[in-house]
Amino acid sequence: MTKADLQDVALQIQQMTKSQIRESEQRMKTQFESVILLIQQTADRFDHRFEELEGRFQTRFLAVESRLDRANESMVYALNHMGGFTRWADRRDRAFSSQLGTPEAWQKAIDRLNERVSSPEQRNQN
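Overview of the structure. On a predicted model such as this, the values are computed, not experimentally measured, just so you know.

**Quick notes on the overall build of the protein chain**
Now for step 1: In terms of helices and strands, the protein chain carries 1 helix and 0 strands.
Now for step 2: A globule of 126 residues ought to have a C-alpha radius of gyration of about 14 Å, yet the protein chain, at 51 Å, is considerably larger.
Now for step 3: Across its three principal axes, the protein chain shows a C-alpha extent of roughly 165 × 45 × 10 Å.
Now for step 4: Taking all 126 residues of the protein chain together, the buried fraction comes to 1%.
Now for step 5: About 12,200 Å² of surface is accessible on the protein chain, with carbon and sulfur atoms providing 57% of the total.
Now for step 6: Taken together, the 19 basic and 19 acidic charged side chains of the protein chain have centroids lying 6 Å from each other.

**A word on a negative patch on the surface**
Now for step 1: A surface patch of like charges, here negative, comprises Asp44, Asp47, Glu51 and Glu54.
Now for step 2: Following the sequence through the fold, Asp47 ends up in helix α1 (residues 3-125).
Now for step 3: Accessibility expressed as a relative area gives 43% for Asp47, which makes it partly exposed.

**Overview of the packing of aromatic side chains**
Now for step 1: Taken as a whole and assessed by the stated rule, the structure comprises 2 aromatic pairs.
Now for step 2: A ring pair is formed by Phe46 and Phe50, whose centres lie 6.3 Å apart and whose planes are at 25 degrees; its orientation type is stacked. With Phe46 and Phe50 both in helix α1 and 4 residues apart, this pair spans about one turn of that helix.

**Here's the deal with the environment of Ser74**
Now for step 1: Within the secondary structure layout, Ser74 lies in helix α1.
Now for step 2: Considering only alpha carbons, one finds Ser74 and Pro103, 29 residues apart in sequence, at a separation of 43 Å.

**Digging into the pattern of salt bridges**
Opposite charge on two side chains allows them to pair when their charged atoms are near.
Now for step 1: Evaluation of the coordinates by the stated rule reveals 1 salt bridge.
Now for step 2: Between Arg56 and Glu52 there is a salt bridge, and its shortest N-O distance comes to 2.9 Å. On the criterion of helical spacing, the pair formed by Arg56 and Glu52 is a turn pair, its members being 4 residues apart in helix α1.

The rules behind the values
- Residues numbered from 1 in each chain as written.
- Predicted model: local features only at pLDDT ≥ 70, side-chain atom pairs only at ≥ 80, totals over all residues.
- Heavy atoms only, no water.
- Helix = DSSP H or I, 4+ residues; strand = E, 2+ residues; numbered from the N terminus.
- Rg over C-alpha atoms; globule rule 2.2 N^0.38 Å.
- Buried < 20%, exposed > 50% of the residue type's maximum accessible area, 1.4 Å probe, protein only.
- Areas by Shrake-Rupley, 256 points an atom, 1.4 Å probe, with all protein chains shown as cover.
- Lys, Arg positive; Asp, Glu negative; His and termini not counted.
- Charge placed at Lys NZ, Arg CZ, Asp CG, Glu CD.
- Patch = residues over 30% accessible without salt bridge, like charges linked within 9 Å, V, L, I, M, F, W, Y side chains within 5 Å.
- Salt bridge = Lys/Arg side-chain N within 4 Å of Asp/Glu carboxyl O.
- Phe/Tyr/Trp six-rings, centres within 6.5 Å; stacked < 30°, edge-to-face > 60°.

Given below as structure tokens:
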């Protein structure tokens, strides 16, 4: 083989190598674009699912808020009606307590009088 033949073989190898490198780069670019597309599709699906979840939470939150508003109205109604009953019950409790206190006071007074009365009698007997 001559030097020209070797150079010709080297040139062919170089061209084949460049061609293979270009094909390999093209395959890698295609695969890379496919991976990017899959990542974008996955991100889009997550975005869609999060938007769907946000909608569901918003719907449920509004329903709970509505129920709490109705419960609040019911509680205000009940408290307004219970206010009168509570005042009445407090007055009755005070009146009952004062009535209970009166017999106790009477009993104490009776016991003190009994001690005074019995003390001179006991003195006379001694």
